[in-house]
Amino acid sequence: MSTSKTAKSALISVFHKDGLEPIVKKLNELNITIYTTGGTETFIKDLGIDVVRVEDLTSYPSILGGRVKTLHPKVFGGILNRRENENDQNQIKEFEIPEIDIVIVDLYPFEKTVASGAPEQDIVEKIDIGGVSLIRAAAKNFKDVICVSSMDQYKEFLDIISDQNGATTIEQRKTFSAKSFAVSSHYDSAIFNYMNDEQLQFRQSFDTVKQLRYGENPHQKGFFYGDLDQLFDKLHGKELSFNNLLDVDAAVNLIKEFKGEAPTFAILKHNNACGFAQRDTLAQAYKDALAGDPTSAFGGVLIANKEIDKDTATEIHSLFCEVVIAPSYTTDALVTLKGKKNRIILIQKEADFPNISYRTALNGVLAQDPNNVTDSKEALKNVTKRIVSEAEIEDLLFASKICKHTKSNTIILVKNKQLCAGGTGQTSRVDALEQAIAKAKTFNFDLKGAVLASDAFFPFPDCVEIAGNAGIESIIQPGGSIKDQLSVDYCNTHNIGMVFTGTRHFKH
């Protein structure tokens, strides 16, 4: 039995007509009968090509404002009948149902309608019923029917029928079937997530996938599911790796805290800031960020909240870095930065991020709201006799923003809006503090007058004691320990100012 099938008929019902014309002309050239309806019918007739109206096939008009057009046994029987099944063939003859060998569908743009901010009534009307049903029917019967389920597949399909004179192989039909179920399942997931206010079930689907060079390590396969083009314009450099993407994600989320503020520059390594500064010029912000840890900066990811100019680019160019991200670049800055052929240069676009964050755990998925709480001056509660000054508050809030985006347990030390050091990912808060102090000393920072931010409360007064001995004069932390008063008492005795925020910022 031959697995190659030569088509004699096609059903076309599409929302987007872009790219459809050459397919229609090729089908007509191959003497393939075209069934169609609605706007697709008008489009094809305007090309001077004859069609059979679905309404004439079914003897029913399009009804309910177009909600019901193709949902009829004469349509679905034509698609679903099994060509090698004697009973099926007898029934389609009895009921005068023509076989349909090709189904071409492009669904209503539900996701784009949601993204446009349209009212709910308009969004609901963009839930495609007939189109999804056609896709599922044709994809199920891939042994006999080929289903083209998206305009993204038009070119591949056109190449096949052009090269093979309207014939398709079983392998091709099965491949298109898999693509069709991917389209329909993604479409249903998008509808579910729009309707699912209570997060009762988990459904996520991505139309685009990019195979990476490898995963976290060379022996691991890696993929990115999502559309990076929505977030960035890539101007130069090699392909982003798995680890690059993790660092870029961390960088973008961190710099978002400083949107609209004075020129700010961050250098990240392994998802944590190793350099960070805010200054009057971006070039100076970069230099002071680099001074925070010039060793770790090697091979890091760099991000700015302002346009990168020539002076900043010149400073950056002497450093080996994997990725540079900014909202824009001057022309001469790009000339400089492109001097390293593998350096990845990205323009960050204005874009919305998911309102739920996910990660795999055990044999399932953990989901939570993003940590959208940023500590503010209004949230601060002064708990010590010494009231922190306005200048200290600025540094404390600056440190808190960095702390929020650093792996727990973490301690962040800041002075004059410059990251002096961070203790990151430690199992003990004391270890995190001692790591930060030691690192600051390594790079010759004077911690006298510096501030400290902690992602969680101090269970004992040991941390405030160590901080005071290092020269720290003010502290920001969530509070909430049953032994908070011990830390407050130590601060009062040693003239250290401390504020509570009431918000913990664990990051694992």
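In this text, all values refer to a predicted model and were calculated from it rather than measured experimentally.

**Q** Break down the side chain of Lys404 for me, with residues and values.
**A** Mapped onto the elements of the fold, Lys404 is located in helix α15 (residues 390-404). In this structure the side chain of Lys404 is engaged in a polar contact, spanning 3.3 Å, whose partner is the side chain of Thr374. With residues up to four places along the chain from it excluded, the contact list for Lys404 reads Glu257, Asn371, Asn372, Val373, Thr374, His505 and Lys507.

**Q** Before we move on, could you go through the environment of Thr33 and cite the residues and values that matter?
**A** Along the polypeptide, Thr33 turns up in strand β3 (residues 33-36). Between the C-alpha atoms of Thr33 and Asp101, which are 68 residues apart in sequence, the distance is 9.9 Å. Aside from chain neighbours lying at most four places away, what touches Thr33 is Lys8, Ser9, Ala10 and Val52.

**Q** Describe helix α12 (residues 282-291), listing the residues and the values that go with them.
**A** Think of an α-helix as turning once every 3.6 residues; residues three or four places apart then point the same way. Three or more residues of α12 are buried, namely Leu282, Ala283, Ala285, Tyr286, Asp288 and Ala289. Residues of α12 that are buried in the fold lie against β11 (264-269), β12 (272-278), β13 (300-304) and α13 (310-317).

**Q** Tell me about the pattern of salt bridges, and please be specific about residues and values.
**A** Going through the model one piece at a time under the given rule, you end up with 24 salt bridges. Linking Arg83 and Asp101 is a salt bridge whose minimum nitrogen-to-oxygen distance equals 3.0 Å. Of this pair, Arg83 sits in the loop between α4 (73-80) and α5 (86-94) while Asp101 sits in the loop between α5 and β5 (102-106), placing them 18 residues apart in sequence. There is no split in this pair, since Arg83 and Asp101 are both buried. Among the ionic pairs, Glu261 bridges to Lys401, the shortest N-O distance being 2.5 Å. Highlighted residues: Glu261 in the loop between α11 (242-255) and β11 and Lys401 in helix α15, separated in sequence by 140 residues.

**Q** Could you give an account of the sheet that holds strand β20 (residues 419-423), with specific residues and numbers?
**A** A sheet is described by the order of its strands in space; here six strands give the open sequence β18-β23-β22-β21-β19-β20, paired in mixed fashion. This sheet does not close on itself; its edge strands, each paired only once, are β18 (381-382) and β20. As paired elements, strand β19 (residues 411-414) and strand β21 (residues 451-454) share four bridges and run antiparallel to each other. Considered in β21, the bridge of Ile411 is made with Ser454. Sheet contacts for helix α16 (residues 429-442): β19, β20 and β21; angle to β20, the most-contacted strand, approximately 145 degrees. Of the strands in this sheet, β22 (474-477) and β23 (497-500) touch helix α18 (residues 484-493), which is tilted by about 150 degrees from β23.

**Q** Describe the sheet that holds strand β6 (residues 146-148), naming the residues involved and giving the relevant values.
**A** The five strands lie next to each other as β4-β3-β2-β5-β6, forming an open sheet whose pairing is parallel. The open sheet is flanked by β4 (52-53) and β6, the only strands paired with a single partner. Note: strand β2 (residues 9-14) against β5, five bridges, orientation parallel. What sits directly across from Leu11, in β5, is Val103.

**Q** Provide a residue-level description of the nonpolar core, including the pertinent values.
**A** If you look at the biggest cluster of nonpolar residues, it comprises 38 residues, and the most contacted ones within it are Ile325 and Ile402. Excluding anything up to four places from it in sequence, Ile325 contacts Phe232, Val248, Ala251, Val301, Leu302, Ile303, Ala304, Leu346 and Gln348.

**Q** Run through the state of the cysteines, naming residues and quoting values.
**A** What the rule picks out here adds up to zero disulfides. Of all cysteine sulfurs, the one in Cys274 lies closest to Cys321, which takes part in no disulfide; the gap is 11 Å. Classification of Cys321 as buried rests on a relative accessible area of 3%.

**Q** Summarise the pairing of strand β15 (residues 344-348); cite the residues concerned and give the values.
**A** Of all five residues that make up β15, four are buried, and the element is covered over most of its length. Sheet topology note: the strand β14 (residues 321-326)/β15 ladder contains four bridges and is parallel. Of the residues in β15, the one forming a bridge with Ala326 is Ile347. Viewed along the sheet, the connection from β14 through helix α14 (residues 331-337) into β15 turns out right-handed.

**Q** Give a description of the side chain of Arg343 that names residues and reports values.
**A** Locating Arg343 in the fold gives a position in the loop between α14 and β15. Of the buried charged residues, Arg343 lacks a salt bridge, with Glu322 as the closest side chain of opposite charge at 9.6 Å. At a separation of 3.3 Å, a polar atom in the side chain of Arg343 contacts the main-chain carbonyl oxygen of Leu319. Apart from the residues within four sequence positions on either side, Arg343 is in contact with His236, Gly237, Ile316, His317, Leu319, Cys321, Glu322, Val324, Thr336 and Leu337.

**Q** Talk me through the packing of helix α17 (residues 462-470) against α18; I want residue IDs and the actual numbers.
**A** Running from N to C, α17 and α18 point in directions that differ by 20 degrees, and their axes come no closer than 9 Å. In this view, α17 runs roughly parallel relative to α18, as classed from their interaxial angle. Our pair here, α17 against α18, has a crossing hand that is right-handed. Across from Val464, Glu465 and Asn469 in α17, the residues of α18 making contact are Ser487, Tyr490 and Cys491. Among the residues making up the contact of α17 with α18, the classes are represented as three nonpolar, two polar and one charged.

Calculation criteria
Residues numbered from 1 in each chain as written. Predicted model: local features only at pLDDT ≥ 70, side-chain atom pairs only at ≥ 80, totals over all residues. Heavy atoms only, no water. Helix = DSSP H or I, 4+ residues; strand = E, 2+ residues; numbered from the N terminus. Polar contact = N/O pair within 3.5 Å; in protein donor to acceptor, adjacent residues only side chain to side chain. Contact = heavy atoms within 4.5 Å. Buried < 20%, exposed > 50% of the residue type's maximum accessible area, 1.4 Å probe, protein only. Salt bridge = Lys/Arg side-chain N within 4 Å of Asp/Glu carboxyl O. Pairing = 2+ DSSP bridges. Axes fitted to C-alpha atoms, helices over the stretch in contact; angles between N-to-C directions. Core = buried A, V, L, I, M, F, W, Y, C linked by side-chain atoms within 4.5 Å. Disulfide = S-S within 2.5 Å. Right-handed = clockwise from strand over helix to strand, strands pointing away. Lys, Arg positive; Asp, Glu negative; His and termini not counted. Parallel < 35°, antiparallel > 145°, perpendicular 65-115°, else oblique. Left-handed = near helix turned anticlockwise from the far one by under 90°. Nonpolar A, V, L, I, M, F, W, Y, C, P; charged D, E, K, R; others polar.

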